[in-house]
Amino acid sequence: MDRGLEAAVLVTGGAGYIGAHTAKALHERGLTPVIYDSLSSGYREAVRWGHFVQGDIRDGRALADTIQAHGVTAAIHFAGLIEVGRSVARPDLFWEHNVAGTVTLLSALSEHGVGRLVFSSSAAVYGQGGRGPLETIPEDAVKAPASPYGDTKLACERMIEAQCAAYGLTAVALRYFNAAGADPSGLIGEAHEPETHLIPLAIAAALGEGPPLTVFGTDFDTPDGSCLRDYIHVNDLAAAHVAALEADLPQGAFEAVNVGTGYGASVLQVVGAVGRAVGRPVPYTIGARRTGDPASLVADVARAGSLLDWTPKSSSLDRIVADALRWERCPCYGSGRRSAGKQHGAEAAV
Ligand SMILES: NC(=O)c1ccc[n+]([C@@H]2O[C@H](COP(=O)([O-])OP(=O)(O)OC[C@H]3O[C@@H](n4cnc5c(N)ncnc54)[C@H](O)[C@@H]3O)[C@@H](O)[C@H]2O)c1
């Protein structure tokens, strides 16, 4: 990426969880985030760095105006729908926002000469693609998404790759494993509604602010029988976006890179870590396995190190839980979401 002074980076979905943390990382790097978000699930209060434009990625005219008005030279694309379960019930919505929305964005980027893109992909593209319950997953593992959500991420990757070949766009798809934690400042954090992610749900249960946790399956082929997942601190994830934006890649290149730690933590280990941090055990019940939930999803992170010169720095489980707990005790926004009366279990998959 051409790093002119104050280079403007379009951040679609920048009012959401990972986008807000990445906007802060861009600002700290001397870049100017231009946050473009419909606020369908994001928060205006999460936008603290750079400029804000309220708009939908399916609106090509508004995207073009934003790119021109701010002199955007690169983009990071987070915007989209994220709940795996909802994607099964409403696949049409997911294809419309995630895939059609990305088509519109790609056209706007190529029409206005924006040559660099980082895309939010997911370990969901692998589905059951790990080679064994305790093996890490390399980027060239079989892609077999187990949900419409994963299908949309894989479709976007393929479309972006073709766009790179056709128009000389240079792009990196980051396949996140489980994003978790919050910025230590306490200014921004995770506030999904509904919340389906394990760590905030376990914290809410331990604090007595949410229902007891459901652990889906303790009969997997893993050391303690519960699912293994690779938890990456959201600030490490944010740093990976800056590294991907600045990576020295030839024009027209497309790269897909896992972002995780390379280590798995089991659901029961997370439950234990949250209980220690809160000072009270997490109340939980054991439920049946969920369809399509793999025993283990742990990233092979060699490529992130070699291609992006990136390694995680804040992703010990205790650090992630401590930062998440600080946020959950005193969230700056989204505090109403737990009182919505919904019952959630632990989402162990991405
Ligand atoms: N959270 C995770 O663990 C995880 C894991 C893998 C991949 N991802 C991907 O990372 C991205 C960000 O996830 P997140 O957890 O920050 O989600 P989030 O819901 O907090 O943020 C998504 C943002 O996109 C906005 N948005 C949604 N549809 C839009 C549209 N049509 N136009 C404009 N804005 C729109 C929302 O208002 C929200 O601010 C998503 O693409 C998600 O699929 C997340």
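A few points on the structure. (Residues numbered from 1 in each chain as written. Predicted model: local features only at pLDDT ≥ 70, side-chain atom pairs only at ≥ 80, totals over all residues. Heavy atoms only, no water.)

**Overview of the sheet that holds strand 9 (residues 228-229)**
Within a sheet, each strand pairs with its neighbour through backbone hydrogen bonds, oriented either parallel or antiparallel. Going by this rule: Strand pairing follows a simple DSSP-based rule, namely that at least 2 bridges must link the two strands. Strands are runs of DSSP state E lasting at least 2 residues, helices are runs of H or I lasting at least 4, and numbering of each runs from the N terminus.
The sheet built from 3 strands is open, its strands ordered 12-9-14 with mixed pairing. Two strands close off the open sheet at either side, each with one partner strand: strand 12 (265-266) and strand 14 (296-297). Pairing between strand 9 and strand 12: 2 bridges, direction antiparallel. Across the sheet, residue Arg-229 finds its bridge partner in strand 12, namely Ala-265.

**Looking at the pattern of salt bridges**
Note the cut-off: Salt bridge, as used here, is a side-chain nitrogen of Lys or Arg placed within 4 Å of a carboxyl oxygen of Asp or Glu. When a residue's accessible area, from a 1.4 Å probe over protein chains only, is under 20% of the maximum for its type it is buried; when over 50% it is exposed; and in between it is partly exposed.
All chains considered together, the criterion is met by 14 salt bridges. Across the pair Arg-90 and Asp-92 runs a salt bridge, and its minimum N-O distance is 3.2 Å. Asp-323 is the salt-bridge partner of Arg-319, the closest N and O atoms lying 3.1 Å from each other. Separated by 4 residues within a single helix, Arg-319 and Asp-323 lie in helix 10 (residues 317-329), roughly one turn from each other. Arg-319 gets classed as partly exposed once you look at its relative accessible area, which sits at 34%. You can call Asp-323 buried: its relative accessible area is 3%.

**A look at the nonpolar core**
Our working rule: Residues belong to one nonpolar core when they are buried, are Ala, Val, Leu, Ile, Met, Phe, Trp, Tyr or Cys, and are joined through side-chain atoms within 4.5 Å.
The biggest cluster of nonpolar side chains holds 37 residues, and the ones touching the most others in it are Ile-18, Leu-26, Leu-174, Leu-245, Leu-308 and Trp-310. Among the elements of the structure, strand 1 (8-12), helix 1 (17-28), strand 4 (72-77), strand 6 (170-176), helix 7 (234-246), strand 11 (254-259) and helix 9 (302-308) are those that each provide at least two residues to this core. Ranked by residues supplied to this core, first place goes to helix 7 with 8 residues.

**Let's talk about the pairing of strand 2 (residues 32-37)**
The cut-off we apply is this: A crossover gets the label right-handed when its path from the first strand over the helix to the second runs clockwise, viewed with the strands pointing away from the viewer.
Of all 6 residues in strand 2, 6 are buried; the element is thus mostly enclosed. Residues Thr-32, Val-34 and Tyr-36 of strand 2 are buried on one face, and the alternating residues Pro-33, Ile-35 and Asp-37, pointing to the opposite face, are buried as well. Bridge count for strand 1 against strand 2 is 5 bridges, and the pairing is parallel. Bridge pairing links Ala-8 to Thr-32 in strand 2. In this region the chain leaves strand 1, passes through helix 1 and returns to the parallel neighbour strand 2; the handedness of that crossover is right-handed. As paired strands, strand 2 and strand 3 (residues 51-54) are joined by 4 bridges and run parallel to one another. Considered in strand 3, the bridge of Val-34 is made with His-51.

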